[in-house]
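Examination of the molecular architecture
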Amino acid sequence: MATSVRAAADGTPPPTPPPPPAVQVRGSRPSRLYRWDLKAAPYAFIAPFFLCFAAFGLFPLIYTGWLSLHRVELGGEAQWRGFENYTGLLDSDFFWNALANTFTIGVISTVPQLLMALGLAHLLNYKLRGRGFFRVAVLAPYATSIAAATLVFAQLFNSDYGLINTVLGWVGFDPVDWESSKWPAQIAISVIVIWRWTGYNALIYLAAMQAVPQDLYEAASLDGASRWRQFVSVTIPSIRPTILFTVVVSTIGATQLFGEPMLFGGSLGVSGGSGNQFQTLSLLMYEKGWMTGALGQASAIAWVMLLLLLLIGAVRLLLARLNRDRNGERRTA
């Protein structure tokens, strides 16, 4: 207003006001494009993942389920058999032997592995010199190829000239047939799994331990608790969800164990040794599908393994819920 009055007094025309901003009419083309972009862009960004999952995850799963209900030979046509492949597994001694071997190897490899990982994580949690070097060193076995590690351990456990039997002979023990005997072969395979995965789980535990509040340790120290008591009463309860997670993941890995027993057995690795003494479910599935050509039976084994994994996941959820309810009751009390 003052500018207009000053311009009128000077005799100059007042400045023209700027034009009003353009208002987009609802339903116009730019407005529709903007709404489509706002709604469709997130789905476009995540679409590649779902397309890859559908092509390489969901479709093979459904197709394997369809094959498990048929009799399918390599190069032949599918013939409907219903649940005959599943009932055949229940009557198969090879299936129950593979299931028992999978369970025993899983227990022998998982329990020592997680206990050793807890101990390593507890040591690395202290202020040691060269902690970064030790953390990388414990992860080195995980970065090693399965084939390379298994071939090295196969030489170490060789019944004729292996280093393990040589050391046992030095201390007065007889040589052990690590390949042909059931329990020695399963122990040897479990050692490979333990060596490869202990450092990986130790770093997971270490990350969980570093998230534990230091106030808990200071309070326990003031109460006179030793380091062992602090580890048992403070560290373990605080990282219990992480421990449960590693138990489930390690159990799933043990259920799918394939590379270590196959390479350890050499030419007899697919059948799990001369007497199927270390044949796992994965090896049996591979033998049925690609050695004998019975794709229907192999698909049935694959679905049984999936059901076992789902059962393990359900148990994990149940334990997590019970732990959550217990913690809630303690806080309420």
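See the structure above.
Not measured: the values here are computed from a predicted model.

On to the overall build of the chain. A tally of helices and strands in the chain yields 14 helices and 2 strands. By sequence separation, contacts in the chain at least 24 residues apart represent 64% of the contacts at least 6 residues apart. Just so you have it, the chain exposes about 21200 Å², and 67% of that area is on carbon and sulfur atoms.

Okay, the pattern of salt bridges next. Close approach of charged atoms allows side chains of opposite charge to pair. Throughout the structure, instances matching the rule amount to 2 salt bridges. With a shortest N-O distance of 3.8 Å, Glu73 and Arg71 are connected by a salt bridge. Residue Arg71 is classed as partly exposed on the basis of its relative accessible area, which comes to 46%. For Glu84, the salt bridge identified is with Arg81, shortest N-O distance 3.7 Å.

Take Thr150: it is sitting in helix H6 (residues 146-156). The exposure class assigned to Thr150 is buried, which follows from its relative accessible area of 0%. Each residue touching Thr150, except ones within four places of it in the same chain, is listed here: Ile192, Glu260, Leu263 and Phe264.

Right, let's get into the side chain of Thr242. Its place among the elements puts Thr242 in helix H11 (residues 240-255). Filtering out sequence-adjacent residues up to four positions away, Thr242 remains in contact with Ile204, Tyr205 and Ala208.

Listed as buried for helix H10 (residues 227-238) are Gln230, Phe231, Val234 and Thr235. Along the axis of H10, the buried residues cluster in a sector spanning 120°; they form a single face. Here the buried face of H10 lies against helix H4 (93-124), helix H8 (182-210) and helix H9 (214-222).

What follows is about the packing of H10 against H11. Relative to each other, H10 and H11 sit at 60°, their axes nearing to 4 Å. Seen from H10, the contacting residues are Ile236, Pro237 and Ser238; seen from H11, they are Arg240, Pro241 and Ile243. Broken down by class, the residue content of the contact of H10 with H11 amounts to 4 nonpolar, 1 polar and 1 charged.

How each quantity is defined
- Residues numbered from 1 in each chain as written.
- Predicted model: local features only at pLDDT ≥ 70, side-chain atom pairs only at ≥ 80, totals over all residues.
- Heavy atoms only, no water.
- Helix = DSSP H or I, 4+ residues; strand = E, 2+ residues; numbered from the N terminus.
- Contact = heavy atoms within 4.5 Å.
- Areas by Shrake-Rupley, 256 points an atom, 1.4 Å probe, with all protein chains shown as cover.
- Salt bridge = Lys/Arg side-chain N within 4 Å of Asp/Glu carboxyl O.
- Buried < 20%, exposed > 50% of the residue type's maximum accessible area, 1.4 Å probe, protein only.
- Arc of directions from axis to C-beta.
- Axes fitted to C-alpha atoms, helices over the stretch in contact; angles between N-to-C directions.
- Nonpolar A, V, L, I, M, F, W, Y, C, P; charged D, E, K, R; others polar.

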